[in-house]
Amino acid sequence: MSTSLPMHCTAFHDATRIAGGALPDVALAVKAALAADAAAAILVFDDASGKVVDLDLRGSDAEIVARLAPQPDKASNTASETGGAEAPRGRGRPKLGVVAREVTLLPRHWDWLALQPGGASQVLRRLVDEARKNNGGRSRARAAQAAAYAFISAMAGNREGFEEASRALFASDGEGFATHSRSWPADIRAYAQKLLAGSADPEPRP
């Protein structure tokens, strides 16, 4: 199960999709479904990773929403605590959402970075952006495959054609995946296809 809370997710009751969207909204839909049938087999999936999300549904609806809603960042907290005044800014461009983390390099790497214009951080950001651009979307494709596999492992691992569909998935064989998953329930197939496409927000059910 995923250890961090997703922004968006999708809930299934057995093989039927019952809710999708922002995490607090889905959590309330799951709570309502369990209130109607306490024995209902419901799983919630992270729309980004395809992994099962463990929801804490204790308390009132307001308490659940407060617990699962996205938390404000530190900059927002600082502004509210100081009466709206922003904290003094250091170097960098915080509006871009820059995150400080440790980077470990060999001495020759630091020596090379020291000779580049703009400073080490700017150079590293440029190198990462160039690598992302040059890989032709392969990283996104691998992430989409991993998400789809995580989902079908949970929802279709015992269904006919699972092994063949999994091989087709990692071979980027969309036609083969559709063929071998044809006998699966429609909502499972639709959500798996959405994950493969990198967009796991299916249209609302009629």
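Values in this document were obtained by computation on a predicted structure and should not be read as measured data.

Conventions adopted
Residues numbered from 1 in each chain as written. Predicted model: local features only at pLDDT ≥ 70, side-chain atom pairs only at ≥ 80, totals over all residues. Heavy atoms only, no water. Buried < 20%, exposed > 50% of the residue type's maximum accessible area, 1.4 Å probe, protein only. Helix = DSSP H or I, 4+ residues; strand = E, 2+ residues; numbered from the N terminus. Pairing = 2+ DSSP bridges. Phe/Tyr/Trp six-rings, centres within 6.5 Å; stacked < 30°, edge-to-face > 60°. Axes fitted to C-alpha atoms, helices over the stretch in contact; angles between N-to-C directions. Left-handed = near helix turned anticlockwise from the far one by under 90°. Contact = heavy atoms within 4.5 Å. Nonpolar A, V, L, I, M, F, W, Y, C, P; charged D, E, K, R; others polar. Salt bridge = Lys/Arg side-chain N within 4 Å of Asp/Glu carboxyl O.

Some words on the pairing of strand S3 (residues 42-46)
- Within S3, four of the five residues are buried, which leaves it mostly tucked inside the rest of the structure.
- Where strand S1 (residues 8-13) and S3 come together, five bridges link them in antiparallel fashion. For Ala11, the partnering residue across the bridge sits in S3 and is Val44.

What to know about the packing of aromatic side chains
- One pass over the full model with this rule turns up nine aromatic pairs.
- Note on Phe12 and Phe45: the rings are 6.0 Å apart at their centroids and 80° apart in plane angle, and the pair reads as edge-to-face. A residue pair is termed long-range when its members are at least 10 positions apart, and Phe12 in strand S1 and Phe45 in strand S3 qualify at 33 residues.
- Its relative accessible area of 0% is what places Phe45 among the buried residues.
- Centroid distance Phe12 to Phe151: 5.4 Å. Interplanar angle 45°. Geometry classified as tilted. Of this pair, Phe12 sits in strand S1 while Phe151 sits in helix H6 (residues 138-156), and the two are 139 residues apart along the sequence. Both residues of the pair, Phe12 and Phe151, belong to the buried class.

Section: the packing of helix H1 (residues 23-36) against helix H2 (residues 61-68)
- At a minimum axis distance of 9 Å, the contact between H1 and H2 shows a crossing angle of 145°. In terms of crossing hand, the pair formed by H1 and H2 is right-handed. Taken together, the residues of H2 that come into contact with H1 (itself represented by Leu23, Pro24, Ala27, Leu28 and Lys31) are Asp61, Ile64, Val65 and Leu68.
- Split by residue class, the contact of H1 with H2 holds seven nonpolar, no polar and two charged.

Observations concerning the pattern of salt bridges
- Evaluation of the coordinates by the stated rule reveals three salt bridges.
- Asp56 is the partner of Arg58 in a salt bridge, and the nearest nitrogen-oxygen pair spans 2.7 Å.
- Taking the relative accessible area as the measure of exposure, Arg58 reaches 61% and is therefore exposed.
- Put simply, Asp56 and Arg67 hold a salt bridge, and the shortest N to O gap is 3.4 Å. With Asp56 in the loop between S3 and H2 and Arg67 in helix H2, this residue pair connects regions lying eleven residues apart in the sequence.

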